[in-house]
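Chain residues, written in single-letter form:
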Amino acid sequence: MAGTIIVGAGQAGAQVAISLRQGGYRDPILLLGAEAYPPYERPPLSKELLAGKRQTEQLALRKPDFYTAQGITLRTGARVTGVDRAAKTVLLADGEVAAFHQLVWAAGGRARRLTCPGADAAGVHVIRTIDDVAALSNDLTGGRRRVIVIGGGYIGLEAAAVLREQGHAVTIVEAQDRLLARVTAPPISDIYRQAHHAKGVLIRLGTTLSAMTTQNDRITGLRLADGEEIPADLIIVGIGIQPNIEPLADAGVECPNGVRVDAACRSSDPDILAVGDCALFPNPYAVDPVRLESVPNAVEQARIAAASILGTPAPAPAIPWFWSNQYNLRLQSAGLNRDWDRLEPVGNPDGGPFALRYFRQDRLIAVDCINMTAEFNQAKREILPVGC
Ligand SMILES: Cc1cc2nc3c(=O)[nH]c(=O)nc-3n(C[C@H](O)[C@H](O)[C@H](O)COP(=O)(O)OP(=O)(O)OC[C@H]3O[C@@H](n4cnc5c(N)ncnc54)[C@H](O)[C@@H]3O)c2cc1C
């Protein structure tokens, strides 16, 4: 009997399966994952795993026998390449066809890559999967390396912090005029610039590159738009992700920037739901539908999707939140700071606990807290959904 097929055995996909069983779902659940691993946590990839403080097996979301015990058929190394909405089947890369009653698309995203000359050379890395970190760690062996991190977003900065603490020479190249420009306001960017600078990381802001230089198809550095060359032994590209939506989009499901879903996580085809990094969701804390990339978001949407399938009330909307660890800075962010028009600093930006409160039309909409958990918890209670 065709039950639920979940495409993507990551944080969101695993949670859908778990929540379905917790809610009493009795039909078959087939959890298909393209990677070779059972569902695992991604946040440690650029933190503890890269630092060697945790091992691959410790990232698993559940013990290996959990899925069988729950009656969840987990298939790793199983990539879905097509969806037939009329027949209600998915096509796998090995040619197998599987039928569904409900399909949950939880395929996350893949690391965005550069297209400039040299971008495919050996020594160019991204950080999205366990295999990516294994390849990067392998390339880092053999002493002090010169590493360029392209992109001053959270993942690039976390990797820069880990590698600097391991003694590597690290340069961050960022096209914008400040770090974290897409996700925070200037005072937070400044704190991170100072922290990395104090640790000896070189930071090149407002810098665009024209090519990666290579020798024998191995990276030797970067050529900037102004012609300057920066030598490097390896390069980490941290410029965001592209949602994995192609098989669904090809099947005619609405996928503008991610799979467009409603508040019940149903796509333009009501038998197909989408959750996690690949879902464009009408988050009650955002003015417009938004595609968020965080663990809490993946878990919340998975619970909503499971409730939709079960026909039970959806969980109350939770405030979006996120964290990042770099050096001794523990950032916790709550709310969505888009279109803020006023900032309110709390605490000491020069080394002490610090928080930045974001307002829009005098309403608190978001907060970034550095080593200030009490403020984070307080703001989470104060920030309300749009229109409340
Ligand atoms: C290095 C790194 C650090 C992060 N740090 C944080 C953090 O500190 N805090 C935080 O909140 N979030 C963090 N995140 C983001 C968080 O991990 C993601 O938001 C979360 O993993 C999203 O879960 P997901 O299930 O939607 O997608 P994913 O975890 O990406 O899982 C999707 C799975 O689907 C598989 N898949 C894709 N296409 C197919 C297909 N066609 N067929 C079958 N399977 C397919 C993929 O291989 C993947 O295994 C981090 C992410 C990364 C990469």
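Since the model is a prediction, treat every value here as computed from it, not as a measurement.

Chemist: Explain the sheet that holds strand 1 (residues 4-7) to me, using residue names and the numbers behind them.
Modeler: Pairing in this open sheet of 5 strands is parallel, and the strands run 3-2-1-7-19 from one edge to the other. Across the chains shown, the open sheet's two edge strands, defined by having one partner strand only, are strand 3 (72-75) and strand 19 (272-274). Averaged over neighbouring strand pairs, the angle between their axes works out to 20° when direction is ignored. Taken together, the 4 bridges between strand 2 (residues 29-32) and strand 3 define a ladder with parallel strand orientation. Opposite L30, over in strand 3, you have T73 as the bridge partner. Where helix 1 (residues 11-22) meets the sheet, its contacts fall on strand 1, strand 2, strand 3 and strand 7 (102-105), and the angle it forms with strand 2 comes to roughly 165°.

Chemist: Kindly report on the domain arrangement of the chain, identifying the contributing residues and their values.
Modeler: The domain boundaries assigned to the chain delineate domain 1 (4-110 + 241-310), domain 2 (113-237) and domain 3 (328-382). One C-alpha centre belongs to domain 1, the other to domain 2, and the line joining them spans 30 Å. Between domain 1 and domain 2, the residue contacts involve 15 residues of the former and 15 residues of the latter. Of all residues in domain 1, L45, S46 and L50 give up the largest surface area on contact with domain 2, accounting jointly for 41% of the area buried on that side. Across the contact surface, domain 1 and domain 2 share 2 salt bridges. Put simply, R128 and D277 hold a salt bridge, and the shortest N to O gap is 3.0 Å. Inspection of the region where domain 1 meets domain 2 yields 8 residue pairs in polar contact (both at pLDDT 80 or more). For the side of domain 1 that touches domain 2, the element with the most residues is helix 2 (residues 48-51), which contributes 3 residues. Looking at the side of domain 1 that touches domain 2 residue by residue, the classes come out as 8 nonpolar, 3 polar and 4 charged.

Chemist: I'd like a rundown of the pattern of salt bridges, residues and numbers included.
Modeler: Two side chains carrying opposite charge are able to pair once their charged atoms lie near each other. Under the definition given, this model contains 22 salt bridges. The salt bridge involving R357 is made with E382; its shortest N-O contact spans 2.7 Å. Here the residue R357 occupies a position in strand 24 (residues 354-360), and E382 occupies one in helix 9 (residues 373-382), the gap between them amounting to 25 residues. By relative accessible area, R357 is classed as buried at 10%.

Chemist: With reference to specific residues and values, describe the side chain of N283.
Modeler: Checked against the element boundaries, N283 lands in the loop between strand 20 (279-280) and helix 8 (295-310). Excluding residues that lie within four positions of it along the chain, N283 makes contacts with V290, L292, P320 and L336.

Chemist: Got a sec to walk through unusual backbone geometry? Specific residues and values, please.
Modeler: If you check the backbone angles, D217 has positive phi at about 60° while not being a glycine. Within the secondary structure, D217 sits in the loop between strand 13 (209-215) and strand 14 (218-224).

Chemist: Break down the UniProt feature "domain: FAD/NAD(P)-binding" (unreviewed entry) in the chain for me, citing the residues and quoting the values.
Modeler: UniProt's feature table lists "domain: FAD/NAD(P)-binding" (unreviewed entry) at residues 5-302, given in the numbering used throughout. Span residues 5-302 is 23% helix and 26% strand, its end C-alpha atoms 13 Å apart.

Chemist: Pulling in residues and values, what's your account of the packing of aromatic side chains?
Modeler: What the rule picks out here adds up to 6 aromatic pairs. Look at Y154 and F322: their rings are 5.1 Å apart centre to centre, the planes differ by 35°, and that puts the pair in the tilted class. Here Y154 is found in helix 5 (residues 154-165), whereas its partner F322 is found in strand 21 (residues 321-326), with 168 residues between them in sequence. For Y154, a relative accessible area of 12% corresponds to the buried category. Take F322: its relative accessible area is 26%, and that puts it in the partly exposed class. On the basis of an interplanar angle of 65° and a centroid distance of 6.0 Å, the ring pair of W321 and F376 is categorised as edge-to-face. With W321 in strand 21 and F376 in helix 9, this pair connects stretches of sequence that are 55 residues apart. Among the residues examined, F376 registers a relative accessible area of 3% and is labelled buried. By the ring-pair criterion, three or more aromatic residues cluster together here, those being W321, W323 and F376. Note that R62 overlies the ring of F66, its terminal NZ or CZ placed 5.1 Å from the centroid. When the ring centre of F359 is taken as origin, the NZ or CZ atom of R342, which lies over that ring, is 4.1 Å away.

Cut-offs and rules
Per chain, residues are indexed from 1 in the order of the written sequence. Restriction of local features to residues with pLDDT of at least 70 applies here, the model being predicted, together with a cutoff of 80 or more for giving and counting side-chain atom pairs; totals for whole chains, interfaces and linings are based on all residues. By convention in this description, side-chain values take in all heavy atoms of the structure and omit both hydrogens and water. Here, strands pair whenever DSSP counts at least two bridges between them. The secondary structure listing takes helices from DSSP runs of H or I that are at least 4 residues long and strands from runs of E that are at least 2 residues long, numbered from the N terminus. Convention adopted: a line fitted to C-alpha atoms gives each axis, helices being fitted over their contacting stretch, and angles between N-to-C directions are expressed from 0 to 180 degrees. Any two residues whose heavy atoms approach within 4.5 Å are treated as being in contact. Each domain's limits were defined by an automated method or a database of domain assignments. Accessible area that two parts lose when put together, with a 1.4 Å probe and added across both, is what the buried area reports. Criterion for a salt bridge: a side-chain nitrogen of Lys or Arg within 4 Å of a carboxyl oxygen of Asp or Glu. Think of a polar contact as two N or O atoms within 3.5 Å of one another; within protein, one of them needs to be a possible hydrogen donor and the other a possible acceptor, and neighboring residues in sequence only count if both atoms come from side chains. Residue classes follow a fixed rule: Ala, Val, Leu, Ile, Met, Phe, Trp, Tyr, Cys and Pro count as nonpolar, while Asp, Glu, Lys and Arg count as charged, and any other residue, Gly among them, counts as polar. Buried residues are those whose accessible area, probed at 1.4 Å on protein chains only, stays under 20% of the maximum for their type, while exposed residues exceed 50% and partly exposed ones sit between those limits. UniProt positions are given in the numbering used here, feature names are shortened, and annotations may be inferred rather than shown by experiment. In this analysis, rings of Phe, Tyr and Trp, with Trp reduced to its six-membered ring, are considered paired at centre separations within 6.5 Å, and the interplanar angle assigns stacked below 30 degrees, edge-to-face beyond 60, and tilted for intermediate values. Whether a charge lies above a ring is judged from NZ of Lys or CZ of Arg, which has to be within 6 Å of the ring centre and within 35 degrees of the ring normal.

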